[in-house]
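Observations on chain architecture
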Amino acid sequence: MSLFDHLKLIEDTRSYINRHHDLVDIIFLVLSATVSGCKGWREIAEFGNEHIDWLKKHRDFDSGIPTRHSIARIMKAIDVERMTLVLFQWSNARRQASQRPLIAIDGKTLRGAVNQQGKENALHLVTAYDTDDGLVLYQQDTKAKGSEIVTVRDMLPMLDIKDAILSFDALHCNQETLKQISQRKGDYVVQVKGNQPKLREAIEEQFKPYWEQETLEIASYSESNKGHGREECRSVFQLAANLPKELKKKWPSAKTIIAVERERKKGDRTSFDTHYYLSSLAVEPELAYRAIRQHWHIENKQHWVLDVTFKEDSCRIGDRENAKKMALLRRIVLNLLEQHPLKASKPSKMRKAAWNDDFRAELFFG
């Protein structure tokens, strides 16, 4: 199915007398403007008027380009859940998934997207991110970071997680989430901190003999790198989980425990820190290392790009529903830029999309 076939699946909830502009035309306009670097309704309308000939090569646009206020009203009428499902179905259909995809799940607050009740209502989005392919697989909003646990559980059924490895921060180290992943034949690696004190203590106790007696054998994997005036070595140690009886009952799907030790040297200073994880993976320290290391791609390759390239944190769309939809479109555009084979940065691709009609068409239809 083409992009337009998918967009036609989004119901137009406007009354017939208000359908002066075709809904698919408008969504395509907003997507095209966003991939070209436009960041607000005014810029989107200006893009449409400047590129109307190109837009008409792909859609009718019989009524021309609406005003910026009309674009905002049309977008507000769209059901955001249906739009999310349709656009990610289209985006993921273009994805070449690996046999065991590594999926990082994490939340991001859009600090500028607030409604009239104040900053405490800032929009918080949870996304699932394929760290190998660099693609956003799904997003769902939550009222606040404190509601993220429930949001993740609601989002998991929307993802194909069979044979995938999902990584989480310590917020999601809870029974119900891990149970749901195991029931759907996925695997997980989740950090363990003070929010699960008994589990954290049991994991530390199991590793303790190996820290005290270096002659004991333990499965491990290490990597080192240098840069920015410092040297860093990261080592992963993995053991079969041998939890106390009460914890085995609480965490039945846990097969291994993991310790990640980081040694950083900068000048004359050396620092160490150790983090602990619970996992349903077998003892495969190199795979565990990849899952943990690549979890931070969601910060470095998604959140950072959205803020620096798309200026997402500065977005001032005050209407919550439209803020969610524009956040969705930015993530779809992020996928389009990632999937195009041109060896260039995402800002470079966006500039090229703004200047070059053929390249813009390649992003959508190539």
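Now for a description of the structure that goes with this document. Please read all numbers here as calculations on a predicted model, not as lab measurements. (Residues numbered from 1 in each chain as written. Predicted model: local features only at pLDDT ≥ 70, side-chain atom pairs only at ≥ 80, totals over all residues. Heavy atoms only, no water.)

A separate point is the overall build of the protein chain. Broken down by element type, the protein chain carries 15 helices and nine strands. For the protein chain, whose C-alpha radius of gyration is 23 Å, the value lies close to the compact-globule estimate of 21 Å for 366 residues. Overall, the protein chain is about 75 × 45 × 40 Å in size when its C-alpha atoms are taken along their principal axes. The contacts in the protein chain between residues at least 6 apart in sequence include a share of 63% that link residues at least 24 apart. Counting every atom, the protein chain has about 18100 Å² of accessible surface; 46% of that belongs to carbon and sulfur. Considering the protein chain, the positive charge centre built from 58 side chains and the negative charge centre built from 52 side chains are found 2 Å apart. (Helix = DSSP H or I, 4+ residues; strand = E, 2+ residues; numbered from the N terminus. Rg over C-alpha atoms; globule rule 2.2 N^0.38 Å. Contact = heavy atoms within 4.5 Å. Areas by Shrake-Rupley, 256 points an atom, 1.4 Å probe, with all protein chains shown as cover. Lys, Arg positive; Asp, Glu negative; His and termini not counted. Charge placed at Lys NZ, Arg CZ, Asp CG, Glu CD.)

Either a parallel or an antiparallel arrangement is found when strands of a sheet pair, and the pairing is made through backbone hydrogen bonds. An order of β3-β2-β1-β4-β5-β9-β8-β7-β6 is seen for the nine strands of this open sheet, with the pairing classed as mixed. Single-partner strands in this sheet number two, and they are β3 (135-142) and β6 (219-227). Strand-to-strand twist of the sheet, defined as the mean angle between neighbouring strand axes without regard to direction, takes the value 25°. For strand β8 (residues 256-266) and strand β9 (residues 269-279), the ladder comprises eleven bridges, and the chain directions are antiparallel. When the bridges of β9 are listed, R262 appears paired with D273. Sheet strands touched by helix α7 (residues 148-155): β1 (102-110), β2 (123-130), β3 and β4 (165-168). Its angle to β3, the strand with the most contacts, is close to 130°. Across the sheet, helix α9 (residues 197-212) is in contact with β5 (187-192), β7 (230-240), β8 and β9; its angle to β9 comes to roughly 120°. (Pairing = 2+ DSSP bridges. Axes fitted to C-alpha atoms, helices over the stretch in contact; angles between N-to-C directions.)

Enumeration according to the criterion identifies eleven aromatic pairs in this entry. For the pair F4 and F365, a centre-to-centre distance of 5.7 Å together with 50° between the ring planes defines the contact as tilted. With F4 in helix α1 (residues 3-7) and F365 in helix α15 (residues 357-365), this residue pair connects regions lying 361 residues apart in the sequence. Assessed through its relative accessible area of 13%, F4 is described here as buried. Taking the relative accessible area as the measure of exposure, F365 reaches 36% and is therefore partly exposed. For the ring pair F28 and F364, a centre distance of 5.4 Å and an interplane angle of 70° mean the geometry is edge-to-face. With a gap of 336 residues between them, F28 in helix α2 (residues 23-35) and F364 in helix α15 connect regions that are remote in the sequence. Summarising the burial analysis for this pair, F28 and F364 share the class buried. (Phe/Tyr/Trp six-rings, centres within 6.5 Å; stacked < 30°, edge-to-face > 60°. Buried < 20%, exposed > 50% of the residue type's maximum accessible area, 1.4 Å probe, protein only.)

With that out of the way, let us pick up the nonpolar core. Counting 88 residues, the largest nonpolar core has I105 and L278 as its most contacted members. The element that contributes the greatest number of residues to this core is α2, accounting for ten residues. With residues up to four places along the chain from it excluded, the contact list for L278 reads L178, Y188, V189, V190, V192, L199, I203, W251, A254, T256 and I257. Judged by nonpolar contacts, the second largest core, of 13 residues, contains I165, V236, V260 and Y289. (Core = buried A, V, L, I, M, F, W, Y, C linked by side-chain atoms within 4.5 Å.)

Time to look at the side chain of Q302. Within the fold, Q302 resides in helix α12 (residues 297-308). Separated by 3.5 Å, the side chains of Q302 and R331 make a polar contact. Residues within four places of Q302 in sequence aside, it is in contact with T127, Y129, V136, H297, R331 and L334. (Polar contact = N/O pair within 3.5 Å; in protein donor to acceptor, adjacent residues only side chain to side chain.)

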